[in-house]
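# Architecture and fold: a report
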Amino acid sequence: MTVLHLGDDENRFSPDWLQRVHSTLDEVGDVLVTTGGGKFYSNGLDLDWLLANGDQAGKYVAEVQELFARILTLPVPTVAAVNGHAFGAGAMLAMAHDFRVMRADRGYFCFPEADINIPFTPGMAALIQGKLTPSAAIASMTTGRRFGGADALALGLVDEIASEGDVVKVASDRVAALAGKDPGTLGAIKATMFAPAVTALRTPA
């Protein structure tokens with residue numbers, strides 16, 4: 001089992017952070033668990049870096065979307081242990097996993113794009129809509145609402161909730177029983193299931 005710790009701060013997607021995550025995925029074991037530390041799972045895009053490097057925005061967004069596509073089709077069972085806030089692209093990262101377990105008592109799962117005037121790219125929209133019912137997609141993508149654990153579970157944003165100290169354990173237990181699936185078969189199944197989202201994510205926005 002590979003447990004990928006995203007970091008102890010806001011875990012925004014800086015270029016160095018993206019490279020570190022990809023390097024870990026190169027060595028992933030028979031299941032993948034991702035989690036953060038402290039208050040955040042991930043706050044998503046590194047907006048400060050983007051503001052300072054606007055000429056590289058297209059390349060940066062493509063790299064972020066490639067990470068989503070890779071997680072979405074990873075040929076092993078995957079689960080996001082959402083220990084705290086998951087906002088924007090951080091919530092999309094969690095959504096790209098097979099399963100999501102969220103802390104019950106603290107933290108928000110949120111797509112704030114409607115409130116910060118950043119429309120979803122076609123790939124990002126396809127990723128979210130590929131995992132949610134139409135009503136859940138409307139409720140989460142068009143409102144900017146912040147969902148706590150219980151509300152996120154009720155809407156279907158996450159599959160399970162757990163206490164602070166048990167999030168990683170519950171997440172690990174959820175996928176441990178699935179270890180040992182043939183990677184070629186599982187990867188092919190995911191690639192077929194999520195073909196529209198993967199195509200959209202890998203098409204320049």
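Residues numbered from 1 in each chain as written. Predicted model: local features only at pLDDT ≥ 70, side-chain atom pairs only at ≥ 80, totals over all residues. Heavy atoms only, no water.

### Things to note about the overall build of the protein chain
For the protein chain, the helix and strand inventory stands at 11 helices and nine strands. A compact globule built from 205 residues should have a C-alpha radius of gyration of about 17 Å, and the protein chain, at 16 Å, falls within 12% of that. Summarising its shape, the C-alpha atoms of the protein chain cover approximately 45 × 35 × 35 Å along the three principal directions. Within the protein chain, the fraction of its 205 residues that count as buried is 50%. Put simply, the protein chain shows about 9200 Å² of open surface, and 56% of that area lies on carbon and sulfur atoms. Within the protein chain, one finds 16 positive and 23 negative side-chain charges whose respective centroids are separated by 4 Å. (Helix = DSSP H or I, 4+ residues; strand = E, 2+ residues; numbered from the N terminus. Rg over C-alpha atoms; globule rule 2.2 N^0.38 Å. Buried < 20%, exposed > 50% of the residue type's maximum accessible area, 1.4 Å probe, protein only. Areas by Shrake-Rupley, 256 points an atom, 1.4 Å probe, with all protein chains shown as cover. Lys, Arg positive; Asp, Glu negative; His and termini not counted. Charge placed at Lys NZ, Arg CZ, Asp CG, Glu CD.)

### Structural notes on unusual backbone geometry
At Asn 11, a position not held by glycine, the phi torsion is positive, near 55°. Counting through the fold element by element, Asn 11 comes out in the loop between strand E1 (2-5) and helix H1 (15-26). In this model, Asn 117 sits at a positive phi of 60°, which is unusual for a non-glycine residue. Within the fold, Asn 117 resides in the loop between helix H5 (113-116) and helix H6 (122-129). Given the relative accessible area of 68%, Asn 117 is considered exposed.

### Some words on helix H10 (residues 183-193)
Considered for burial, the residues of H10 that qualify are Leu 186, Gly 187 and Lys 190. Angularly, the buried residues of H10 cover 100° about the axis, an arc narrow enough to put them on a single face. The outward face of H10, more than 90 degrees from its buried face, is lined by the exposed residues Gly 184 and Thr 192. On the buried face of H10, the contacting elements are helix H3 (57-72) and strand E4 (78-82). (Arc of directions from axis to C-beta. Contact = heavy atoms within 4.5 Å.)

### Points about the pairing of E1
Side chains Thr 2 and Leu 4 project from E1 onto a buried face, and the interleaved Val 3 and His 5 project onto a face without burial. In terms of strand pairing, E1 meets strand E2 (residues 32-35) through four bridges, oriented parallel. Note that in E2 the partner of Val 3 across the bridge is Val 33. (Pairing = 2+ DSSP bridges.)

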